[in-house]
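One letter stands for each residue in the lines below.
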2 protein chains.
Amino acid sequence: MSYTERNSLSPEITIADYLFHRLKQLHVETIFGLPGEFNMPLLDRLYNIPGLKWAGNANELNATYAADGYARLKGLGCIITTFGVGELSAINGIAGAFAEHVGVLHVVGMPPTSAQTKQLLLHHTLGNGDYRVFHRMANDVSFYSRIINDTDLCSNEVDKCIELAYLKQKPVYLGVPVNQVNLKVNSAKLNKELRFRVLKNNLDMENEAINLILKKIYTCESPAIVVDACVNRQDTVKETEQFIRLTNFPVFVTPMGKGSIDENIPTFGGVFSGSISSPNVREVVDFADFVIVIGSLLTEFSTSAFHFFYKSKNCVLLFDDCVRFKGSIYPDLFLKPLMKNILSRLDPGKISFRPTSDCNNPMIVPKSKPSDDQLLRQEWVWHEFSHWFQEGDIIITELGTSSFGINQIRFPSHTKGISQALWGSSGYSMGSCLGACFATLESQSASTSTRQRVILFIGDGAFQITMQEISTMIRWNLTPYIFLLNNQGYSIDRFLHHRKNTTLYDVQQWNYLSFFKVFGATDYETRKIVTLGDLRQMLGNEDFSRADRIRMAEIMLPSMDVPKAIVDKWLQEKEKDHIIPGEQLDNTIHDDSPASLEPERKKSKRVV
Amino acid sequence: MSYTERNSLSPEITIADYLFHRLKQLHVETIFGLPGEFNMPLLDRLYNIPGLKWAGNANELNATYAADGYARLKGLGCIITTFGVGELSAINGIAGAFAEHVGVLHVVGMPPTSAQTKQLLLHHTLGNGDYRVFHRMANDVSFYSRIINDTDLCSNEVDKCIELAYLKQKPVYLGVPVNQVNLKVNSAKLNKELRFRVLKNNLDMENEAINLILKKIYTCESPAIVVDACVNRQDTVKETEQFIRLTNFPVFVTPMGKGSIDENIPTFGGVFSGSISSPNVREVVDFADFVIVIGSLLTEFSTSAFHFFYKSKNCVLLFDDCVRFKGSIYPDLFLKPLMKNILSRLDPGKISFRPTSDCNNPMIVPKSKPSDDQLLRQEWVWHEFSHWFQEGDIIITELGTSSFGINQIRFPSHTKGISQALWGSSGYSMGSCLGACFATLESQSASTSTRQRVILFIGDGAFQITMQEISTMIRWNLTPYIFLLNNQGYSIDRFLHHRKNTTLYDVQQWNYLSFFKVFGATDYETRKIVTLGDLRQMLGNEDFSRADRIRMAEIMLPSMDVPKAIVDKWLQEKEKDHIIPGEQLDNTIHDDSPASLEPERKKSKRVV
């Protein structure tokens, strides 16, 4: 039975219905965004499609983050905004999806074509008759863009937009003028599947690249595999895991690749994050005689926190759509078919490398075993959580101390990690968490009795930027865990710019645990976590560990306390720059002994 | 004593200090924004300038709205964001300032010049080495843009950016790479004032235009003056008021001009808002034989709610920088000097028009006088507030039912109104209110014992988009009135798109009155207003009327209740389209009798 028959569709349907049916075919069941003057006719159509729902976000930027988080798990997300005000509010989120290779379809409800042609002055315009300005701006952060025209080909355009967003894992912009929403198109086209994952590689080119790669694989003496973001984006996780198991090469993940592969593979060695990688990681990656980077997104990258690049001269980079090796580029080699073909030709018997047991000790454990009455510090917090995570968890971390902390610990198998490491827009993780909640719920079979857990770690500074999206979670009875790391502001910046006496990094102290009630939740749990004992008690609680209601824990941390990796980095810099510690910073970060916590303890008490 | 002497400045100061001193000279004392990786060195300098403060907003979009609201009262506002993530989060607010002619300087902290030249991949980039992309996007919504270069002329560039933002009342973009922050410049230039308000008009051109205008003024029989937004933006309020008093012509304001001139001038006739103006306003403006539009920003404008244009063929439009009359344009005639010269040449004795008493009955009063136990409706709410407003009030309305409601009532003298009528970005008013609070506080003399009142009207839908900025108000002990019109969602859209049975326009119901406590306020007042008696009691309370603490009142309104102007408009459309009311809409809007409130009464009770 064809799709149109199953769904009892008329031979002619509106282009809006066509768009929404296409999304439904790809299991995009939740659409994000806000209503506005020029997208309402479109949203009216959405309400007609059984199985689709309109999330109804609190604001557009949050909605884009949600579509991004959703897409990272389902391969495609969709946000609908209104012309001008709506789409520009969303554009930072779209730029993030562009930077980080996430397939987001951005549908924009536009003024009628006639108004555009006549340059009428409408609401939500700049008042200068320029109707193309927002489309032009979107082009800079979109892989492709199109505005629906009144032609027979318009359903082709819709198809192309969706295909490209999915295939290229980049944002695509689709403008729909209000007068075109009900344009009739042939529904039969829905019976033909979209062209996904059928990318074929150039065989000659591929053979040449695979020969080179296999030769290195067979002969290298100290290899390393690095798994980067595009493994997940290009749906190549299984192939990558098989490759790792067959070669037995030590494997590392980049911060953007963390949470994509099984970290319980015996040769898993932790996170490679350039200059702040732990010494045992750097030793393997930096001194390898062959590094194969699978799903490479970036080769060089800098933040004030760390520098990331591959030192090895013998580095082969498998990007989403090409291979780079020693200055040569092999274009149009797509990751998934390439990996399949490498696997089919790989003969493990020819590999000379034999793994040692050394590489399998990747994670940082606290030096001391502090007692329950101890006030919290980052290094202990992450260690405790490492035992609480379980298979199937989705773990989302905000850029800041959380994203560094999470890299210290090993995930159970079949967990997924989400973090916006490159674009790094503060507040992203909250919206992304909403999207992840919808995605996991839709992907779970109806028979499963327990919900998959979606776990968010977010600092107080970032929380303040986007926290109204908790309301949308409550509205839809979603049940994430929100772990709010309260360190009284933007701690990572406060630390790295080592200023102790400025209010620049402070944020207003909120009663964070009241938000569920304020946003109208009735079934929820909140906890304030001050001591290590509080944390252990919470994580040991069976009820707490079941994702059956929305939960928030406010974890009180000293304002200058950051994960070890950042401290190490800062100490390196300090040594280099001959900064005198006393002038710049509290003593707390130089000394690991409990005594050094005294000043911070007072601070924590004040805010408790 | 020169500026540098008074401030004990060294002969050489950093370009960052130069920028901040220039802002200080213009009484821009509060800078809005958030810290980020690439703007922190700049913010460090800001903290060194006595008399300047860093607001520390909750997010960038809100910060831009705040800078916009601040600028509408002080002529110039400034926001500082960080490269990429920060500036793109702000860009919708910048576009609003561009559309509505507001002088906002957007300073963006950028990566070091060297990284840009080498196309290094940094945090907050798109990962493609394109460092100009955000600057390029900003150009579409900025009057001028510049990035600080290492040359002797860079202080000239800073001056030019500030001058243009101020003079043109448009956003200007100024990029400051982190490595340029401490670039040394000569401080003596600060002793030379910036070139503002010295625009001279072309005398011949001006004479020709004034001759034409005077001829019409002297001979017209049914004239009308329309005051639009640029009267306020170009600091021409006094000249305009004098012109109105001298001519005795009937005067109207556009929605964007509302709150700029004294509405107690005897010939004031209310708001001209095109197709939804009240009949007595349309009668005068549409059938005038001479309409002079002062400070014109728009001549034609449409929203789904109304169409705005001047019907009169004898319409002279005084824009900010030119005059248009019957298809001719007189370029480079600037509003303020033009108005001054019209006034100097105007001989009121030659005017043949004599005002009748008819025009002075502009405001809508409710048909009935409902009793105290009546549940609220929009028409009564605005009427009650009209008696509560007082001289000096700043009245901010969100686009939505509030902005229509406010046009029904007459402001006391010396009040100012703020509304983003053209750009119409939901949530704008909350950020704008923050900016207005700072601006009024800074403009008030220290000796004044009572604070000037800043009064915000915002719907619940818009509130949810930007409400975290209340936290910034609390942090700074600002004391606005926040009147939250709770009509359970986006009522204006719900009404105009006349759908009753969709959740599209609903928002999650929040416990709005809890936010002050959640955001850490200690000195505040909240009220829930359900009946007309509640409203009257509140507005009659003397304590309540003093702006000595932050206050919020949640005003409960039926979800399909909108101001009269919108109902009229809808009825017009309905008649035109032959829509059968029963199919589309609750009965409530067709019937003014109290009985029609019954279904809504139940609804209100549910949420109370």
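On a predicted model such as this, the values are computed, not experimentally measured, just so you know.

Participant: Please clarify how the overall build of chain A should be interpreted in this entry.
Facilitator: The number of helices and strands found in chain A is 24 helices and 23 strands. Against the 2.2 N^0.38 benchmark of 25 Å for 608 residues, chain A shows a C-alpha radius of gyration of 25 Å, consistent with a compact globule. The principal-axis extent of the C-alpha atoms belonging to chain A is close to 75 × 60 × 50 Å. Taking all 608 residues of chain A together, 65% fall into the buried category. Total accessible area computed for chain A in this model is approximately 21900 Å², and 49% of it derives from carbon and sulfur atoms.

Participant: Teacher, can you tell me more about the domain arrangement of chain A here?
Facilitator: It is common to report an interface's size as the accessible area lost on association of the parts. Residues and elements named next belong to chain A. Partitioning chain A into structural domains gives domain 1 (3-191), domain 2 (203-350) and domain 3 (378-607). Computed from C-alpha coordinates alone, the two centres of domain 2 and domain 3 are separated by 30 Å. Listed per partner, the contact involves 18 residues of domain 2 and 18 residues of domain 3. Together, the buried faces of domain 2 and domain 3 total about 1700 Å²; carbon and sulfur atoms form 58% of this surface. Here domain 2 is connected to domain 3 by 0 salt bridges. For the interface between domain 2 and domain 3, the tally reads 7 residue pairs in polar contact (both at pLDDT 80 or more). Each residue belonging to the side of domain 2 that touches domain 3 can be placed in one class, and the counts come to 10 nonpolar, 5 polar and 3 charged.

Participant: Looking at this model, I keep getting lost on the environment of Ile482(B). Mind explaining?
Facilitator: Residue and element names in this part refer to chain B. Tracing the backbone shows Ile482 in strand E21 (residues 481-486). Take Ile482: its relative accessible area is 0%, and that puts it in the buried class. Sequence separation of Ile482 and Arg345 is 137 residues, and the distance between their C-alpha atoms is 45 Å. Ile482 has contacts with Met430, Leu456, Ile458, Ile470, Met473, Phe516, Arg551, Met552 and Ala553, leaving out every residue within four places of it along the chain.

Participant: Looking at this model, I keep getting lost on the relation of the copies chain A and chain B. Mind explaining?
Facilitator: Note on the chain copies: they are related by a rotation about an axis and a translation along it. Once chain A has been moved 0.0 Å along the axis and rotated by 180°, it coincides with chain B to within an RMSD of 0.0 Å. Accordingly, the operation relating the two chain copies is best matched by a two-fold axis. Among all residues of chain A, the one whose C-alpha sits closest to the rotation axis is Met137(A), at a distance of 2.7 Å. Both copies share a contact surface, since 99% of the interface residues of chain A are interface residues in chain B too.

Participant: What should I look at first to understand the side chain of Glu206(B) in this one?
Facilitator: Residues and elements named next belong to chain B. Mapped onto the elements of the fold, Glu206 is located in helix H9 (residues 203-219). The side chain of Glu206 sits in the buried core without any salt bridge; Arg345 is the nearest counter-charge, 7.0 Å away. Excluding anything up to four places from it in sequence, Glu206 contacts Asn201, Leu333, Pro337, Leu338 and Asn341.

Participant: Would you mind showing me how to read helix H2 (residues 15-25) of chain B here?
Facilitator: The α-helix winds at 3.6 residues per turn, so residues separated by three or four positions along the chain end up facing the same way. All names here are of chain B. Most of H2 is tucked away, with 10 of its 11 residues classed as buried. Within the span of H2, buried status applies to Ile15, Ala16, Asp17, Tyr18, Leu19, Phe20, His21, Arg22, Leu23 and Lys24. Following H2 by one or two positions, His27 adopts a phi angle in the positive range, close to 65°.

Calculation criteria
Residues numbered from 1 in each chain as written. Chains lettered and ligands numbered in written order. Predicted model: local features only at pLDDT ≥ 70, side-chain atom pairs only at ≥ 80, totals over all residues. Heavy atoms only, no water. Helix = DSSP H or I, 4+ residues; strand = E, 2+ residues; numbered from the N terminus. Rg over C-alpha atoms; globule rule 2.2 N^0.38 Å. Buried < 20%, exposed > 50% of the residue type's maximum accessible area, 1.4 Å probe, protein only. Areas by Shrake-Rupley, 256 points an atom, 1.4 Å probe, with all protein chains shown as cover. Domains from an automatic or database assignment. Contact = heavy atoms within 4.5 Å. Buried area = accessible area lost by both parts, 1.4 Å probe. Salt bridge = Lys/Arg side-chain N within 4 Å of Asp/Glu carboxyl O. Polar contact = N/O pair within 3.5 Å; in protein donor to acceptor, adjacent residues only side chain to side chain. Nonpolar A, V, L, I, M, F, W, Y, C, P; charged D, E, K, R; others polar. Least-squares fit on C-alpha atoms with pLDDT ≥ 70 in both. Lys, Arg positive; Asp, Glu negative; His and termini not counted.

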